[in-house]
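These are the residues of each chain, in order.
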Amino acid sequence: MDRTIYTEDHEAFRQSAAAFLAKKVTPELEEHLAAKSLPRQFWLDAGAEGFLGLEIPEEFGGSDAQDFRFNAIFAEELSKVNAALASCTGIHADITVPYIVHLGTQAQKERWLPGCASGEILTAIGMTEPGGGSDLAALRTTAVRDGDEWVINGSKTFITNGFSADLVVTAVRTDPSKGARGITLFGIEATDPGFSRGRKLDKVGQEESDTAELFFENIRLGDDRIIGEIGGGFIAMMQKLPQERLGAAVSNVAHAKQILAETIQYCHDRKAFGQSIGSLQHNKFLLAELVTKIEVAEAYVDQAVLAHSEGKLTAIDAAKAKWWSAEVQNDVLDDCVQLHGGYGFMNEYRVARAWRDARVTKIWAGSNEIMKELIGRDLGF
Ligand SMILES: Cc1cc2nc3c(=O)[nH]c(=O)nc-3n(C[C@H](O)[C@H](O)[C@H](O)COP(=O)(O)OP(=O)(O)OC[C@H]3O[C@@H](n4cnc5c(N)ncnc54)[C@H](O)[C@@H]3O)c2cc1C
């Protein structure tokens, strides 16, 4: 089915993103896998080409596109190359940076945004704690007032870009008596005394993304590091999570669509019983189902992207896009593995890695169960 939400300008942007990735990123992929992280050069190159500043005002070095379709296109092109590229870049440019753009003070914007646009400052978002991620309102990292400073203690885990980040937008409890309204966002820099990181966590997929535990031990910060209002952190996260979930949905579909295209080619090339394996009726019907699943999911996600670029996406529709696309992605990739036979279980095949890389999409950015909880609540239950 033809996609209708993208104009010639968007498609031209897609061409430049694809060219950038083919030239600067694809040749290095195996090195990223071995290093279990993306090198700073990736961020500097992406920044130099303008891909990290789509949400950043021009006065701070960005392009201020004000059209999420450009973010979505970059996410799609990254996902076609590799799922981890998309998740790491999304966490920085589409998820963390917007907190600074929309809630930061002029001084904070001047301090951080030019580096965020150029790739010299890499960001991460610290919400999840070892004690829990789904129940964000119960987080335990604290900031206690001492004179005109805050003293921060606690830890975060599973933080994407956590091992390399220079700046972590961190959700912290500033008032234990106020539940969700006692949570505040702080910009914690990696050079702040008392900040430390654990090892790069050993994951079953997306090894190219660095994922880390972060520790805060008596970090002393002034009010100038508060992002947004004191006590406004939870509401800010609820407002920003739909964009995170939409970006995840875009990546989920694009990732599975690309691997499905490669699988269809494999089904033409691979022979069994004197014919291409795609000609065997079971496989032919299965492939018919998979392309349909992807196109139907893509149509929904496209409409969500369009709604978001017009400022109309609801949190509930973002939740639907997120859980459904994650489910479709995982189902499709599981079948793609099956269609590859034994090669589908070999790490050297893209389909095997894609299958491992996809598993987390049902867990992060709010698990699929939490998405259904939100949708169910909206039905009045
Ligand atoms: C690779 C990776 C990268 C990540 N990156 C980040 C990051 O950059 N920043 C960040 O802050 N977090 C990050 N996360 C954390 C992620 O968002 C959490 O893992 C997720 O929100 C689930 O939280 P949890 O792991 O504590 O599971 P729990 O909250 O302990 O949930 C366990 C299970 O119970 C289910 N469950 C929980 N509550 C309910 C409920 N009310 N109803 C029904 N079922 C429920 C969950 O769906 C899940 O299946 C990342 C995670 C991974 C694996």
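## A short note on the domain arrangement of the protein chain
Turning to step 1, where the next piece is worked out: Per the domain assignment, the segments of the protein chain are domain 1 (8–121), domain 2 (125–231) and domain 3 (235–378).
Turning to step 2, where the next piece is worked out: Between domain 1 and domain 2, the C-alpha centre-to-centre distance is 23 Å.
Turning to step 3, where the next piece is worked out: Across the boundary between the two partners, domain 1 contributes 26 residues, which contact 23 residues of domain 2.
Turning to step 4, where the next piece is worked out: Of all residues in domain 1, the largest losses of buried area upon contact with domain 2 belong to Lys-36, Tyr-99 and Trp-112, amounting jointly to 26% of the total for that side.
Turning to step 5, where the next piece is worked out: Taken together, domain 1 and domain 2 are joined by two salt bridges.
Turning to step 6, where the next piece is worked out: As a salt-bridge pair, Arg-111 and Glu-189 come within 2.7 Å of each other at their nearest N and O atoms.
Turning to step 7, where the next piece is worked out: Linking domain 1 with domain 2 are 13 residue pairs in polar contact (both at pLDDT 80 or more).

## Here's the deal with the pattern of salt bridges
Turning to step 1, where the next piece is worked out: Enumeration over the complete set of coordinates arrives at 25 salt bridges.
Turning to step 2, where the next piece is worked out: Two residues, Arg-3 and Glu-76, come together in a salt bridge whose shortest N-O distance is 2.6 Å. Linking Arg-3 in the segment before helix H1 (8–25) with Glu-76 in helix H4 (residues 68–81), this pair joins segments that are 73 residues apart in sequence.
Turning to step 3, where the next piece is worked out: Arg-3 sits in the partly exposed class, given a relative accessible area of 26%.
Turning to step 4, where the next piece is worked out: Classification of Glu-76 as buried rests on a relative accessible area of 7%.
Turning to step 5, where the next piece is worked out: One connected set of salt bridges, linked through shared partners, spans Arg-3, Glu-11, Arg-14, Glu-76, Glu-77, Lys-80, Lys-257, Glu-298 and Asp-302.

Conventions used here
Just so you know, the residues in each chain are numbered from 1, in the order the chain's sequence is written. Local features in this predicted model are restricted to residues of pLDDT 70 or higher, and side-chain atom pairs are both shown and tallied only at a pLDDT of 80 or more, whereas totals for entire chains, interfaces and linings draw on every residue. Note that water and hydrogens are dropped before the side-chain values are worked out from all heavy atoms of the structure. What fixes the domain bounds is an automatic or database domain assignment. It only takes one pair of heavy atoms within 4.5 Å for two residues to be counted as in contact. What gets called buried area is simply the loss in accessible area from a 1.4 Å probe that two parts show on being joined, summed for both. Any carboxyl oxygen of Asp or Glu that lies within 4 Å of a side-chain nitrogen of Lys or Arg is treated as forming a salt bridge with it. Think of a polar contact as two N or O atoms within 3.5 Å of one another; within protein, one of them needs to be a possible hydrogen donor and the other a possible acceptor, and neighboring residues in sequence only count if both atoms come from side chains. Runs of H or I in DSSP of at least four residues are treated as helices and runs of E of at least two as strands, each being numbered from the N terminus. Whether a residue is buried, partly exposed or exposed follows from its accessible area with a 1.4 Å probe, protein chains only, as a fraction of its type maximum: under 20%, in between, or over 50%, in that order.

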